[in-house]
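Structural characterization, general
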Amino acid sequence: MADNADSGPTAETAKGKLVRRLRAFSASLPARLNSLTARVLLYTTVWSVIGLVILAFVISNLYAAGAERNLRDLLRTQLYSAVNSVSIDPGTKALQGRPALDELAFQQPGSGWYWEVLPLGDYKTDKLASDSMEGIVVPTPSNTEVQFNPRFERFYQTKDSAGNDVRVAEAEISMQEEAGDEGSDFSADEPEAVYRSVRFRMIGNHKVVDDDVALFNRSLYFALALFGAGSLVLNAFVVLVGLRPLDRVRAALTRIRDGHAERLDGNLPLEIQPMATEVNALIESNRRVVERARMQVGNLAHSLKTPIAVLLNDASQMQAPHNGLVRSQAEIMQGQVQSYLNRARIAAQRDSILARTEAEPVLQRLVRVMRKLNPDKEYALSIEPKNLRLAMEAQDIEETIGNLVENAGRFAKHRITIAARIAPQGVTGDDPARRHWAQLTIEDDGPGLEPGQIKEALKRGRRLDESKPGTGLGLSIVSEIVSEYKGAFSLSRAASGGLRAELVLPMIAAREI
């Protein structure tokens, strides 16, 4: 009882696991079938299995029918061998002779292999039979149940008294009896020859056919199973090789998306070439849209540049206090116009596959400029890996990092640290479709900001230290540019006590760097 109680929960648990696995498999089946490779392999496998089953059925039945014919032909041959071996004794008028059948089965009682010769009608004599038929009875159907053919032959199946499934070949033969011999019942007035009706029966055990067909079926099924397995492997190989151009297209599109190529090139099959042509046309159209947007933004910036410069110049010649107000508002307008122009430009090229910039040259150039502007400050730059590439325009990187480095230079005491690297696991931007991100940090050893001051600093036009030059738009511009690229921007206190700015920006695929 204890064993049954212990085994019950275990069996239930195993059954539950099996049910859960089956449910999970059935739930994932639509997703698994949403693949050309899986579909082709499934369809070819199903068709191959169906075809092999039908082929096995047809071949097996054809072979069985052939084996049946062979048994019938064998029995017919043996039957007429018996006919040629048996005659009527001229003296005794009895049947005499034995067929020349060497098979041992005709000598083993109950073997299922028999022969017998039976007198018919008014011909009264003993029958002849094989040794194997001793004590065995093989039923004989009536002529209405199984009719003779025009050659006075008939073939049928039955069971002998030993339980063997047998096939019987019968023939009714008129055998000639010579008249005038000793003991003859005929007078001299009767014909010289008399014919007696005799039935010859040749019986064969159907087990030889069953065994032969079973052996053939085993060999057939093994051969077809081997052929089917080979066909499935070959089908899988052919499908994978046949669909390899799609893998090349996917890899090429990935390279285009990651900025390592600009066109979908390569020797593609005729079925895929039209798609490649359309993709290249789309890329070219995208390029023209981006270039047109850049040109329009540049034209707008150029048209606004002169009026704003005039306002700033006039403000410098005005009397206080109006000059300060006009100048500050003109500077704010200049920053806002620049900000909106940047946003329009970034929006036009954000999803473009053309945005790609190597980080090191841009950062090196910024550091060189800042060292000239702040010769009393130390700038440390580290980039890992050296060929780190960002999925951004160079001028957006310059404006973003430049604003942060410029702010750090204003408030740092001695040292500004700039670091760029591949973002660690879990550090991402706001684009769930992108898998590759870079992390850039700018730290200074200045006074830093409290959490409440950080929120104020990110507001447009806010300046926490009026003694330092600037418009208060730098951090908000950085935030807007980063947001347009679906990155992340945050401020915190550095380990040195100063301000730490962290950027998470889109990066060209790290696996291809």
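Refer to the structure presented above.
Fair warning: this is a prediction, and the values are worked out from it, not measured in the lab.

Here the focus is the overall build of the chain. When you go through the chain residue by residue, the secondary structure sums to 10 helices and 14 strands. Classification of the 513 residues of the chain by burial places 36% in the buried group. In the chain, once contacts between residues fewer than 6 apart in sequence are set aside, the share between residues at least 24 apart is 67%.

This next bit is on the side chain of Ser111. For Ser111, the position within the fold is in the loop between β2 (95-96) and β3 (114-119). Side-chain polar atoms of Ser111 contact the backbone nitrogen of Trp113, separated by 3.3 Å. When sequence neighbours within four positions are dropped, the list of residues in contact with Ser111 reads Ala105, Ser132, Asn164 and Asn205.

Of note, Val369 is situated in helix α7 (residues 359-373). The class of Val369 is partly exposed, set by a relative accessible area of 41%. Sequence separation between Val369 and Gly402 is 33 residues, and the spatial gap between their C-alpha atoms is 9.7 Å.

So, about the pairing of β3. Look at any regular strand and the pattern is simple: side chains alternate between the two faces of the sheet. Within β3, 6 of the 6 residues are buried, leaving the element largely enclosed by the surrounding structure. Taking every second residue as pointing to the same face, both faces of β3 are buried, with Tyr114, Glu116 and Leu118 on one and Trp115, Val117 and Pro119 on the other. Where β3 and strand β7 (residues 193-205) come together, 6 bridges link them in antiparallel fashion. Bridge pairing in β7 links Trp115 to Met202. Note: β3 against strand β4 (residues 128-129), 2 bridges, orientation antiparallel.

Quick look at the nonpolar core now. Ranked by internal contacts, the top residues of the largest apolar core, which has 39 residues, are Leu363, Ile401, Leu404, Leu440, Ile442, Phe489 and Leu503. Element by element, the count of residues in this core is highest for α7, at 6 residues. If you look at the next biggest cluster of nonpolar residues, it comprises 26 residues, including Ala82, Val86, Leu95 and Val213.

Bringing helix α3 (residues 207-242) into the picture now. A turn of α-helix holds 3.6 residues, and therefore any two residues three or four places apart point the same way. For α3, which comprises 36 residues, the first-to-last C-alpha distance of 50 Å matches the rise-based estimate of 52 Å (1.5 Å per residue) to within 8%. Those residues of α3 that sit buried are Val209, Val213, Asn217, Leu220, Leu224, Gly228, Ser231 and Val239. The secondary structure elements touched by the buried residues of α3 are α2 (36-85).

Our focus in this paragraph is a nonpolar patch on the surface. A cluster of nonpolar residues, Leu42, Tyr43, Val46, Trp47, Ile50, Ile54, Phe57, Val58 and Leu62, forms a patch on the protein surface that exposes about 960 Å² of accessible area. By the element assignment, Val58 lies in helix α2. Judged by relative accessible area, which is 39%, Val58 ranks as partly exposed.

Reading the values: rules and limits
- Residues numbered from 1 in each chain as written.
- Predicted model: local features only at pLDDT ≥ 70, side-chain atom pairs only at ≥ 80, totals over all residues.
- Heavy atoms only, no water.
- Helix = DSSP H or I, 4+ residues; strand = E, 2+ residues; numbered from the N terminus.
- Buried < 20%, exposed > 50% of the residue type's maximum accessible area, 1.4 Å probe, protein only.
- Contact = heavy atoms within 4.5 Å.
- Polar contact = N/O pair within 3.5 Å; in protein donor to acceptor, adjacent residues only side chain to side chain.
- Pairing = 2+ DSSP bridges.
- Core = buried A, V, L, I, M, F, W, Y, C linked by side-chain atoms within 4.5 Å.
- Expected span 1.5 Å × (residues − 1).
- Patch = residues over 30% accessible without salt bridge, like charges linked within 9 Å, V, L, I, M, F, W, Y side chains within 5 Å.
- Areas by Shrake-Rupley, 256 points an atom, 1.4 Å probe, with all protein chains shown as cover.
- Salt bridge = Lys/Arg side-chain N within 4 Å of Asp/Glu carboxyl O.

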